[in-house]
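# Architecture at a glance
This is what each chain is made of:
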Amino acid sequence: MNATVNENCIGCGLCAGTCPEVFHMGDDGVAHGSGIPEGQLEAAQEARDGCPVSAISIEE
């Protein structure tokens, strides 16, 4: 599973705070996703669902 953040990201940091194992804030001021480690899918989905601009996708 992989989490991606699209161009709608406003850099609020909610995802990185909710699931730092998957999301991090880049030097460009926006969030970036990565592969979802085992046991982190629920936290990644919580971050996706909490995103105020719906910028996160989770795909296999």
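Residues numbered from 1 in each chain as written. Predicted model: local features only at pLDDT ≥ 70, side-chain atom pairs only at ≥ 80, totals over all residues. Heavy atoms only, no water.

For the protein, an unreviewed UniProt entry supplies the name Ferredoxin and the organism Candidatus Oscillibacter excrementigallinarum. If you open the UniProt record of the protein and go to Function (unreviewed entry), you find "Ferredoxins are iron-sulfur proteins that transfer electrons in a wide variety of metabolic reactions." (UniProt positions renumbered as here; feature names shortened; annotations may be inferred.)

This part covers the nonpolar core. If you look at the biggest cluster of nonpolar residues, it comprises 16 residues, and the most contacted ones within it are Ala 3, Cys 15, Cys 19, Val 22, Phe 23, Ile 36 and Ala 44. Broken down by secondary-structure element, the contributors of at least two residues to this core are helix H1 (14–18), helix H2 (41–50) and strand S4 (56–59). For this core, the element with the most residues is H2, which contributes three residues. Apart from the residues within four sequence positions on either side, Ala 44 is in contact with Cys 19, Val 22, Phe 23, Ile 36 and Ile 58. (Core = buried A, V, L, I, M, F, W, Y, C linked by side-chain atoms within 4.5 Å. Buried < 20%, exposed > 50% of the residue type's maximum accessible area, 1.4 Å probe, protein only. Helix = DSSP H or I, 4+ residues; strand = E, 2+ residues; numbered from the N terminus. Contact = heavy atoms within 4.5 Å.)

Now for H2. Looking only at H2, the buried set comprises Ala 43, Ala 44 and Ala 47. Angularly, the buried residues of H2 cover 100° about the axis, an arc narrow enough to put them on a single face. In this structure, H2 carries Glu 42, Glu 46 and Asp 49 as exposed residues pointing more than 90 degrees from its buried face. Contact partners of the buried residues in H2: H1 and S4. (Arc of directions from axis to C-beta.)

Here the focus is the pattern of salt bridges. With the rule as written, the count across this model stands at one salt bridge. A salt bridge links Arg 48 to Asp 49, with the shortest nitrogen-to-oxygen separation between them at 3.0 Å. The exposure class of Arg 48 is partly exposed, given its relative accessible area of 27%. (Salt bridge = Lys/Arg side-chain N within 4 Å of Asp/Glu carboxyl O.)

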